[in-house]
Amino acid sequence: MFKRKLLCLQHHSPDSIDIKDEKAFRALVVWLEDQKIRHYKIEDRTELRAMSSPHWTDGTLNKYLSDLGYPFDRGNRIAVVDWLLGYAVKAEYAENAEQLTKAAESLASAAAADQGKDSKTPLQGGRRLDRKYRGRE
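Report on the accompanying structure. All values reported here derive from a predicted model rather than from experimental measurement.

## Thoughts on helix α4 (residues 56-68)
Phase 1: Taking the largest bend as the criterion, α4 deviates by roughly 25°, centred on N62.
Phase 2: Listing the buried residues of α4 in full gives W56, T60, L61, Y64, L65 and L68.
Phase 3: G69 occupies a position one or two residues after α4 and carries a positive phi of about 85°.

## Description of helix α2 (residues 22-37)
Phase 1: Of all the residues in α2, the buried ones are F25, R26, L28, V29, V30, W31, L32, E33, K36 and I37.
Phase 2: Between the side-chain oxygen at the start of α2 and the backbone nitrogen of K23 there is a gap of 2.8 Å, and the oxygen is on D21.

## A few points about the nonpolar core
Phase 1: Judged by nonpolar contacts, the single largest core of 25 residues is most densely connected at F25, V29, L32, Y64 and L84.
Phase 2: At the level of elements, α2, α4 and α5 (77-115) are the ones that each hand at least two residues to this core.
Phase 3: Considering each element in turn, this core owes the most residues, seven residues, to α2.
Phase 4: If we ignore the near neighbours within four places in the chain, the residues touching L84 are V29, L32, I37, Y64, L65 and L68.

What counts, and where the lines are drawn
- Residues numbered from 1 in each chain as written.
- Predicted model: local features only at pLDDT ≥ 70, side-chain atom pairs only at ≥ 80, totals over all residues.
- Heavy atoms only, no water.
- Bend = angle between axes of the 7 residues up to and from the residue.
- Helix = DSSP H or I, 4+ residues; strand = E, 2+ residues; numbered from the N terminus.
- Buried < 20%, exposed > 50% of the residue type's maximum accessible area, 1.4 Å probe, protein only.
- Polar contact = N/O pair within 3.5 Å; in protein donor to acceptor, adjacent residues only side chain to side chain.
- Core = buried A, V, L, I, M, F, W, Y, C linked by side-chain atoms within 4.5 Å.
- Contact = heavy atoms within 4.5 Å.

The values are spatial; any link to function lies outside them.
Structure (structure tokens):
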């Protein structure tokens, strides 16, 4: 059910997640926070990482979901996992979009310098560079 999102997030075992298993569920939540979401500072993740705590689900998880702005029924584990995975994918995209924008700007600068022109947008510079290397300019 969650395989595509887990693959997108490069989870180490996207085929074997069993959210009915309490230990696996808790481990997934911690992995998402540690590796993808990173809402809390590292030092503030101690309670979340204390997965064997008897108050983890009622206390720690509920606080974590509140801090993230989770809007749905917290008793529905499928909804919780699906929402957290979506949140993580969004966080990954935002992080990578910033890197892609920087790469596009760098490409535009290189293209502008190569053409002896100032590029007003990264896309224009990329188009010029593409045309040059395809022999259309």
